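Commentary on secondary and tertiary structure
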Amino acid sequence: MGKKTRKAFNPQTPPKPKKPNWFVVTGIGVLAVAVLLSIVMVNKTNHTPPIANVPTAQPTSYEFMKQGELRFINANNVFITTIDIEIAQDDSKRTLGLMYRDKMSENQGMLFIFNEEEGRSFWMKNTILSLDIIFVNSSNEIVTIHKYTKPYSEETYSSDK
């Protein structure tokens, strides 16, 4: 209690006319109030998962598909950084998440959009890359960060806020 939250981001996504199905993320236009952002971080260890945990069936596409940009600002509205994002706004995209991806840049991530603000949990099952998971509330404030999550883990990474 009494812990100050940090201003999380100011999402702005200008549409690109040459790409159909471009999704514009705005703080006002999105009905979602709970957001999770998974940012790919460079795995500093040479992690080799146990053979038993290596997935056998994998989706056919592993490539990052930019659908927007997410801008991070601090509490004083000073720009920190921008990352490219994929949008996961339905159950099937949220379920798949970033599983089976074997490469992504450090400035790429996935934005999970939900219709209600409530505690959420995620795991790293079938996720090859170590990720940072950032939970954001309806006021666009970061409330929980899990850094360098463990690939292939079924450990739960959650936020009650």
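All values derive from a computational prediction rather than experimental measurement.

Of all hydrophobic cores here, the largest spans 15 residues; its most connected members are Phe112 and Phe122. Of all the secondary-structure elements, those providing two or more residues to this core are strand S5 (108–114) and strand S7 (131–136). In terms of nonpolar packing, the next biggest core, distinct from the first, is built from 10 residues, Leu70, Phe72, Ile83 and Ile113 among them.

The next point concerns the environment of Tyr100. With respect to the helices, strands and loops of the structure, Tyr100 is situated in the loop between helix H1 (91–96) and S5. With relative accessibility at 10%, the residue Tyr100 sits in the buried group. Distance from Tyr100 to Tyr152, taken between C-alpha atoms, is 9.8 Å for residues 52 residues apart in sequence.

What follows covers the packing of aromatic side chains. Scanning the model with the defined rule gives three aromatic pairs in all. Members of the aromatic cluster, each reached through a chain of ring pairs, are Phe112, Phe114, Phe122 and Phe135.

Right, let's talk about the environment of Ser130 for a bit. By secondary structure assignment, the location of Ser130 is in the loop between strand S6 (120–122) and S7. The sequence separation of Ser130 and Tyr152 amounts to 22 residues, and the corresponding C-alpha distance is 9.0 Å. Only 2.8 Å separates the side chain of Ser130 from the backbone oxygen of Thr149, close enough to count as a polar contact.

With that out of the way, let us pick up the pattern of salt bridges. Applying the stated criterion across every chain yields a total of eight salt bridges. A salt bridge links Lys66 to Asp84, with the nearest nitrogen and oxygen atoms 3.2 Å apart. In this pair, Lys66 sits in the loop between strand S2 (34–40) and strand S3 (68–73) while Asp84 sits in strand S4 (residues 79–88), placing the two residues 18 residues apart along the sequence. The exposure class of Asp84 is buried, given its relative accessible area of 18%.

Take unusual backbone geometry next. Unusually for a residue other than glycine, Asn77 sits at a positive phi of about 60°. Examined against the element boundaries, Asn77 turns out to sit in the loop between S3 and S4. Judged by its relative accessible area of 57%, Asn77 falls in the exposed class. Phi at Tyr152 is positive, roughly 65°, even though this residue is not glycine. Residue placement: Tyr152 occurs in the loop between strand S8 (141–146) and strand S9 (157–159). When its relative accessible area of 11% is taken as the criterion, Tyr152 is described as buried.

Inspection of the secondary structure puts Thr144 in strand S8. Polar side-chain contacts of Thr144 include one of 2.7 Å to the side chain of Ser159. Setting aside its immediate chain neighbours within four residues, Thr144 contacts Ile133, Ile134, Phe135, Ser158 and Ser159.

The next subject is the environment of Val78. Of note, Val78 is situated in the loop between S3 and S4. Beyond its immediate chain neighbours, meaning those up to four positions away, Val78 contacts Phe72 and Ile73.

Turning our eyes to something else, we now look at the confidence of the model for the protein. On average, residues of the protein carry a pLDDT of 73, and 62% of them reach 70 or more. Confidence, expressed as mean pLDDT per element, reaches its minimum in the protein at S2 with 34 and its maximum at S9 with 96. Ignoring residues within four places in sequence, the model shows residues 13–56, a span with pLDDT below 50, making 112 contacts including any to other chains.

What counts and what doesn't
Residues numbered from 1 in each chain as written. Predicted model: local features only at pLDDT ≥ 70, side-chain atom pairs only at ≥ 80, totals over all residues. Heavy atoms only, no water. Core = buried A, V, L, I, M, F, W, Y, C linked by side-chain atoms within 4.5 Å. Buried < 20%, exposed > 50% of the residue type's maximum accessible area, 1.4 Å probe, protein only. Helix = DSSP H or I, 4+ residues; strand = E, 2+ residues; numbered from the N terminus. Phe/Tyr/Trp six-rings, centres within 6.5 Å; stacked < 30°, edge-to-face > 60°. Polar contact = N/O pair within 3.5 Å; in protein donor to acceptor, adjacent residues only side chain to side chain. Salt bridge = Lys/Arg side-chain N within 4 Å of Asp/Glu carboxyl O. Contact = heavy atoms within 4.5 Å. pLDDT = per-residue confidence, 0-100.

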